[in-house]
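# Structural description and commentary
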Amino acid sequence: MKKGVTITILIFIAFAFFGALYYLYAKNQESPIVYATDKAETKTIVKNTIATGNIVPDEEVLIKPNISGIIEAVYIKAGQNIKAGDLIAKIKVVANVSNLSSSQNQLQSAKIELDNQEILHKRQKTLFDKGVISANDYDAAQLAYNSAKQNYNAARRGLDIVKTGTTSGLGNYANTLIRSTVNGMVLDVPVKVGNQVIESNNFNEGTTIASVADVGRMIFVGKIDESEVGKIKEKLPIEITVGAIENKKFDAVLQYIAPKGVAENGAIQFEIKASLENKADTFIRAGLSANASIILEKADKVLAIKEGLVQFDKKTQLPYVEIETGSQKFARKDLVLGVSDGIYVEVKSGIKASDKIKIWNQGVKEPDSEE
């Protein structure tokens with residue numbers, strides 16, 4: 001029994017020994033792995049983050065009426081350049097019954113007072129001419145009469161304004177004539193002849209007659225995610241790409257970052273604004289969608305390698321590459337890295353431009369010489 005167990009163990013050991021020999025032989029017959037190499041390049045590396053938004057005027061002015069009524073005429077159209085003071089529209093006033101009745105009562109009261117002061121003035125003048133009253137008494141009567149005439153004229157003009165929106169003597173100040181308050185291009189005229197408009201006052205923002213803006217001063221307004229807002233700061237350079245304008249980029253400078261975020265689609269977004277600097281003669285229509293590439297870091301014409309060539313020490317996590325020293329022989333070179341754009345990374349020190357760098361993750365087997 002013991003002899004049979006011994007024989008079995010010896011046979012197992014023999015099989016294991018010969019199996020190991022065969023494995024080593026087969027391994028020795030496999031083609032060696034050949035590693036390709038790559039070189040460093042001189043590149044400009046830009047690390048950036050992207051924000052989406054629109055191109056809008058820096059200042060857009062909404063022209064509103066200071067009297068309610070119906071649009072009688074419109075003198076401008078969208079796309080037209082106008083100056084401050086140019087006529088935009090004319091309003092036909094629809095009198096308010098309550099205001100009309102009040103103004104009529106004021107006019108009648110002023111007329112009664114004027115007639116009374118006129119009688120008193122004539123009486124005082126007769127007495128003054130006869131030497132019965134002093135000059136002071138006559139001057140007081142004259143003053144009261146003049147004041148009554150002034151009140152009457154004011155009441156009459158007030159009634160005219162309630163009825164028609166204007167009166168004699170107002171000229172360019174007539175409420176019915178709506179004029180531009182700024183120079184610029186008309187972006188939109190949201191009203192037509194016959195539309196009713198409401199005056200702008202402390203209780204109502206009023207109806208917009210037209211929107212005017214200086215299209216020479218355009219800015220980018222966009223949103224950036226909360227995960228990126230901590231990386232940016234004011235005065236950073238930006239490259240603006242407008243979808244409707246091909247093959248052209250506009251330089252800009254980040255001017256504003258909102259101190260408070262707004263929840264949109266489950267994420268917190270922060271508003272940013274940037275002023276365009278090289279718009280030149282390019283006409284950019286207000287409202288066009290655009291992308292802003294905010295430049296966080298930039299390295300001009302530096303020695304750079306592909307990110308995939310970099311290896312990291314398992315213990316220290318420091319970066320290094322393997323440099324070819326002979327045929328398929330490589331030596332480790334520690335690196336000091338700089339700016340990275342996710343594809344290329346700046347190499348501050350560690351290698352030269354002429355070094356051949358091992359592509360460590362793309363090794364291939366050398367083809368068999370018999371094939």
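Our subject is the structure listed above.
The structure displayed is predicted, hence computed values, not measured ones. Throughout this document, residue positions are counted from 1 along each chain, in the order its sequence is written. Local features in this predicted model are restricted to residues whose pLDDT is 70 or higher, and side-chain atom pairs enter the listing and the counts only when it is 80 or higher, whereas totals over whole chains, interfaces and linings include all residues. To get the side-chain values, all heavy atoms of the structure are used, and hydrogens and water are removed first.

Attention now moves to the overall build of the protein. By the criteria applied, helices consist of DSSP H or I runs no shorter than four residues and strands consist of E runs no shorter than two, each listed in order from the N terminus. When you go through the protein residue by residue, the secondary structure sums to 4 helices and 24 strands. By definition in these notes, contact holds between two residues if any of their heavy atoms fall within 4.5 Å. Taking the contacts inside the protein whose residues are at least 6 apart along the sequence as the reference set, 72% of them involve residues at least 24 apart. As displayed, the protein offers around 23800 Å² of accessible surface, 52% of which is attributable to carbon and sulfur atoms. Residue burial considers only the protein chains on display, and all accessible areas are found by Shrake-Rupley using a 1.4 Å probe.

Our focus in this paragraph is the pairing of strand E19 (residues 319–326). Only strands joined by at least two bridges in the DSSP assignment are considered to pair. Sheet topology places strand E18 (residues 311–312) next to E19; 2 bridges connect them, and they run antiparallel. Bridge pairing in E19 places Gln311 opposite Tyr320. What sits between E18 and E19 in their antiparallel hairpin is a turn of 6 residues, with Gln317 showing a positive phi close to 65°. Pairing of E19 with strand E20 (residues 329–334) involves 6 bridges; the strand directions are antiparallel.

Below, the discussion takes up the nonpolar core. Of all hydrophobic cores here, the largest spans 27 residues; its most connected members are Ile55, Phe220, Ile232, Ile240 and Ile272. Elements that contribute at least two residues to this core include exactly strand E3 (41–57), strand E12 (218–225), strand E13 (237–242), strand E14 (249–257), strand E16 (267–276) and strand E17 (289–306). Ignoring sequence-local partners within four residues, the contact set of Ile272 consists of Ala51, Phe220, Val221, Gly222, Ile224, Ile232, Leu254, Tyr256, Ile257 and Ile294. We define the nonpolar core as a collection of buried residues of types Ala, Val, Leu, Ile, Met, Phe, Trp, Tyr and Cys that are connected through side-chain atoms lying within 4.5 Å of one another. When accessible area is computed with a 1.4 Å probe and restricted to protein chains, residues below 20% of their type maximum are described as buried, those above 50% as exposed, and intermediate ones as partly exposed.

A word on the sheet that holds strand E5 (residues 69–74). Taken in spatial order, the 4 strands of this open sheet run E8-E7-E5-E10, and their pairing is antiparallel. In this open sheet, the two edge strands, each paired with only one partner strand, are strand E8 (177–179) and strand E10 (196–197). Sheet topology places E5 next to E10; 2 bridges connect them, and they run antiparallel. When the sheet's bridge partners are listed, Ile70 is paired in E10 with Gln196.

This paragraph deals with the side chain of Glu346. Mapped onto the fold, Glu346 is located in strand E22 (residues 344–349). We note that Glu346 is buried and unpaired, the nearest opposite charge coming from Lys348 at a distance of 5.3 Å. Residues counted as positive are Lys and Arg, residues counted as negative are Asp and Glu, and His and the chain ends are not counted. By convention in these notes, a salt bridge is any Lys or Arg side-chain nitrogen within 4 Å of a carboxyl oxygen on Asp or Glu.

Bridge count between strand E21 (residues 336–340) and E22: 3 bridges; the pairing is antiparallel. For Leu337, the partnering residue across the bridge sits in E22 and is Val347. Hairpin connection, E21 to E22: the antiparallel pair is bridged by 3 residues, and Gly342 has positive phi, about 95°.

Here the structure, examined in full by the defined rule, presents 14 salt bridges. Here Asp313 and Arg332 are joined by a salt bridge, their closest N and O atoms 2.9 Å apart. Here Asp313, found in the loop between E18 and E19, pairs with Arg332, found in strand E20; they are 19 residues apart in sequence, far enough to count as distant. For Arg332, a relative accessible area of 42% corresponds to the partly exposed category. One connected set of salt bridges, linked through shared partners, spans Asp58, Glu59 and Arg217.

As far as function goes, none of this settles anything; it's purely spatial.
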